[in-house]
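So you can see what is in the structure, the chains are spelled out below.
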Amino acid sequence: YRPLQGGMFNTICLPFTLDLTELPEGHPLYEAELKQYTGLNLNTVGGEKVLELVFTDVSDRVIIANKPYIIQPEENYNSIIRFAGPLQLTNTKGGTIEKAVDGYNITYQGIIPYQEITPIIQDGVSLTLMLVADNRLAEMTTKGYMYGFRGYFKLNQPLPKGMRTRITTSKGTTTNTTIVVDGKKVNVEKFLQEGRVYIRVGEDLYNIDGQKVE
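None of the values given here were measured: they were computed from a predicted structure.

J.: Hey, could you run me through the overall build of the protein chain in this one?
T.: Secondary structure assignment for the protein chain yields 0 helices and 21 strands. Expressed as a percentage of its 214 residues, the buried residues of the protein chain come to 48%. The long-range share in the protein chain, meaning contacts at least 24 apart out of those at least 6 apart in sequence, stands at 68%. Total accessible area computed for the protein chain in this model is approximately 11,000 Å², and 45% of it derives from carbon and sulfur atoms.

J.: How should the packing of aromatic side chains be read in this particular structure?
T.: The geometry of an aromatic ring pair comes down to the distance between the two centres and the angle between the two planes. Tallied over the full model, the rule gives 8 aromatic pairs. Ring geometry for Y37 against F55: centres 5.3 Å apart, planes inclined by 20 degrees, an arrangement best described as stacked. Here F55 lies in strand β4 (residues 48–57) and Y37 lies in strand β3 (residues 33–45), a separation of 18 residues in the sequence. For the pair Y37 and F55, a shared accessibility class is recorded, and that class is buried.

J.: Any chance you could explain unusual backbone geometry here in plain terms?
T.: Across residues other than glycine, the phi torsion is negative in most instances, and most of the peptide bonds are trans. A positive phi angle, close to 55 degrees, is found at R61, a residue other than glycine. By secondary structure assignment, the location of R61 is in the loop between β4 and β5 (62–63).

J.: Looking at this model, I keep getting lost on the pattern of salt bridges. Mind explaining?
T.: A side chain with one charge can pair with a side chain of the opposite charge if their charged atoms come near. One pass over the full model with this rule turns up 2 salt bridges. Put simply, K35 and E33 hold a salt bridge, and the shortest N to O gap is 3.4 Å. For K35, a relative accessible area of 0% gives the class buried. Judged by relative accessible area, E33 falls into the partly exposed class, the value being 25%. Across the pair K35 and D57 runs a salt bridge whose closest N-O atoms are separated by 2.4 Å. With K35 in strand β3 and D57 in strand β4, the pair connects residues that are 22 residues apart, well separated along the chain. A cluster of three or more residues bridged by salt bridges with shared partners is formed by E33, K35 and D57.

J.: What is the right way to read the sheet that holds strand β15 (residues 150–155) from this model?
T.: To summarise the sheet geometry, strands pair through backbone hydrogen bonds and adopt either a parallel or an antiparallel arrangement. With antiparallel pairing, the 5 strands of this open sheet are ordered in space as β7-β8-β15-β12-β13. Of all strands in the sheet, those bounded by a partner on one side alone are β7 (96–101) and β13 (136–139). In this sheet, neighbouring strand axes are inclined to one another by 25 degrees on average, regardless of whether the strands run parallel or antiparallel. Strand direction decides the pairing type here: strand β8 (residues 104–111) and β15, joined by 6 bridges, are antiparallel. Bridging across to β15, I106 finds its partner in L155.

The rules behind these values
- Residues numbered from 1 in each chain as written.
- Predicted model: local features only at pLDDT ≥ 70, side-chain atom pairs only at ≥ 80, totals over all residues.
- Heavy atoms only, no water.
- Helix = DSSP H or I, 4+ residues; strand = E, 2+ residues; numbered from the N terminus.
- Buried < 20%, exposed > 50% of the residue type's maximum accessible area, 1.4 Å probe, protein only.
- Contact = heavy atoms within 4.5 Å.
- Areas by Shrake-Rupley, 256 points an atom, 1.4 Å probe, with all protein chains shown as cover.
- Phe/Tyr/Trp six-rings, centres within 6.5 Å; stacked < 30°, edge-to-face > 60°.
- Salt bridge = Lys/Arg side-chain N within 4 Å of Asp/Glu carboxyl O.
- Pairing = 2+ DSSP bridges.
- Axes fitted to C-alpha atoms, helices over the stretch in contact; angles between N-to-C directions.

Next comes the structure, spelled out in structure tokens:
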């Protein structure tokens, strides 16, 4: 069970290798955009330093077991995702991808089972980031549970005041900015209520489709 939000990126990490090109037409991942973490850049934009996590297309559209990716399906999906077998399960622990630049280091940690995540706090700043609705990264400031087949990000040190992070995605020779973080501390909580999944970001509440709940 891995609900996915259409038109925006979701983290994903699977315990088996999956070739998206072999999925039947109409499958929720059939035409999904798949990208992998390939670099970390430090740039200056408008006089501000920006730490960029770069994600690029997976050319063969194959998800490698235990490797975290980001994926963007065309439509929202909130049911069991089924695959034709056989599928070779490798293990139940997600892998990591680590990139560094100029002393800064960001690790993308994949997870397979539902588990408790304790954010790393240093000098009053959370070093643990979570991808949330509308292609945004938010700081995790409190301990909580994360559902399986996902991933999160870990900084190695607090960023200087005023420095921002953002995720860029590259397609061919074009780079599009999809996620910008303004450095604001955001308390993120994902939970179930009456059988529905909700995400609380600061004072705002969103449903699994990324729609704000009033």
